[in-house]
Every structure is written in C-alpha cells, then in structure tokens.
Amino acid sequence: MKKRIAFVLAALAVSLASHAQFEQGKVYLGASLSGLNLSYNGSDKGSLGLQAKGGYLFADDLMATGQVAYEKQHDLPYRLTLGVGARYYIVQNGLYLGASVNYRHATGYNDILPGVQVGYAFFLNRTVTIEPEIYYDQSFKNHRDYSTVGLRVGVGVYLFKD
C-alpha cells in the first residue's frame, strides 16, 4: 500500500513539474539534424539537412514556430526552406504534435510543403531538451518525388519567462 501511495505522489509531482515546462510566455530555440539516410522521398539518394527553429508559447501547451533549414543532397544543388508552424504539447509529458507550412527553394525548383510532426521533448535539465521527431512533408509540386517522410533529431532550449 505504501508503494502505491509513493507511486501516485511521484506521478503527481512529475506531472506538476512538467506542467511548468510548457507554460505561456516561454521562448524556444532549437536546432536539428535530418538526413543521413533517415528520410525518404522518390528523388533523394541521400542528404544532410540542418534546421534552426524558434518559437513562442502563446498559451499553455501551444507554441508558434518559425524555422529555416538548409539541405544538401547527393548530386543536387542545395535547398533552402523557410517555414511557420505550431506545436501542441499533449498532457504535459513532452509528447507533441506539430503542423507547419514550408516554402522550399532550390535552383529551378520552388515548392510549398505542408507538414505534420510527432515528437518528444526529453528534458536533460530544466531548460535543455533532446527532441527526436518523425515528420512528413507533402509536396504540392510533385508528390512522388518531393514528398518526404523522415526522422529528425534536435536539441532545444526553453527559456523561462521573467
């Protein structure tokens, strides 16, 4: 019986502590790495991508994001991506759902890609996270060759409000 009470108290403490992580007014800064054969689409033979992301929690559990990304593919010129999106943190446990709209530019290629993401913010301490994320970007230009599903691994920093 004592073990059950201790478990319930520990679960309550974890849920209350994690609630403070995704509260309104915080600023988010993140960087991630994609590619390394962790993504697939019809035209890639392999790629390496770097992404920088910033965000603001405008309400508890809801974050508006902006991102810029650079990707280099084997035998193809670079691609630059600019995007906006949002995240919703589920039940304050670090699991999140995301949606975004990205503009991608490369030599002779421009596209709009709406996307969805599912990830987890694993806190190393009160502010720094490791964030693995599965994503899907849908191409409006050519679904078969440019729509992408992949894995991204990032590091995030949640800055506390005053």
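Residues numbered from 1 in each chain as written. Predicted model: local features only at pLDDT ≥ 70, side-chain atom pairs only at ≥ 80, totals over all residues. Heavy atoms only, no water.

Enquirer: Outline the nonpolar core, listing residues and values.
Expert: One finds Phe22, Tyr28, Leu57, Met63, Tyr89, Tyr96, Ala121 and Tyr158 forming the largest nonpolar core, which totals eight residues. Setting aside chain neighbours within four positions, we find Tyr96 in contact with Arg87, Tyr88, Tyr89, Gln117, Val118, Gly119, Tyr120, Ala121, Glu131, Pro132 and Glu133. (Core = buried A, V, L, I, M, F, W, Y, C linked by side-chain atoms within 4.5 Å. Buried < 20%, exposed > 50% of the residue type's maximum accessible area, 1.4 Å probe, protein only. Contact = heavy atoms within 4.5 Å.)

Enquirer: Describe in detail the side chain of Arg79, supporting the description with residues and values.
Expert: Tracing the sequence through the fold places Arg79 in strand E4 (residues 79-89). For Arg79, a relative accessible area of 4% corresponds to the buried category. A distance of 2.7 Å separates the side chain of Arg79 from the side chain of Glu71, its partner in a polar contact. (Helix = DSSP H or I, 4+ residues; strand = E, 2+ residues; numbered from the N terminus. Polar contact = N/O pair within 3.5 Å; in protein donor to acceptor, adjacent residues only side chain to side chain.)

Enquirer: Can you break down the packing of aromatic side chains residue by residue, with the values?
Expert: Throughout the structure, instances matching the rule amount to eight aromatic pairs. Look at Phe22 and Tyr158: their rings are 5.8 Å apart centre to centre, the planes differ by 80 degrees, and that puts the pair in the edge-to-face class. Of this pair, Phe22 sits in the loop between helix H1 (2-19) and strand E1 (27-40) while Tyr158 is found in strand E9 (residues 148-159), placing the two residues 136 residues apart along the sequence. For the residue pair Phe22 and Tyr158, the accessibility class agrees, reading buried in each case. Measuring from centroid to centroid gives 5.0 Å for Tyr28 and Tyr158, while their planes differ by 55 degrees, and the two rings are tilted. Of this pair, Tyr28 sits in strand E1 while Tyr158 sits in strand E9, and the two are 130 residues apart along the sequence. Among the aromatic residues, those joined into a cluster by ring pairs are Phe22, Tyr28, Tyr89, Tyr96, Phe123 and Tyr158. Its end group placed over the ring of Tyr28, Arg87 keeps NZ or CZ at 4.9 Å from the ring centre. Directly above the ring of Tyr135 sits Arg152, whose terminal nitrogen or CZ lies 3.9 Å from the centroid. (Phe/Tyr/Trp six-rings, centres within 6.5 Å; stacked < 30°, edge-to-face > 60°. Lys NZ or Arg CZ within 6 Å of the ring centre and 35° of its normal.)

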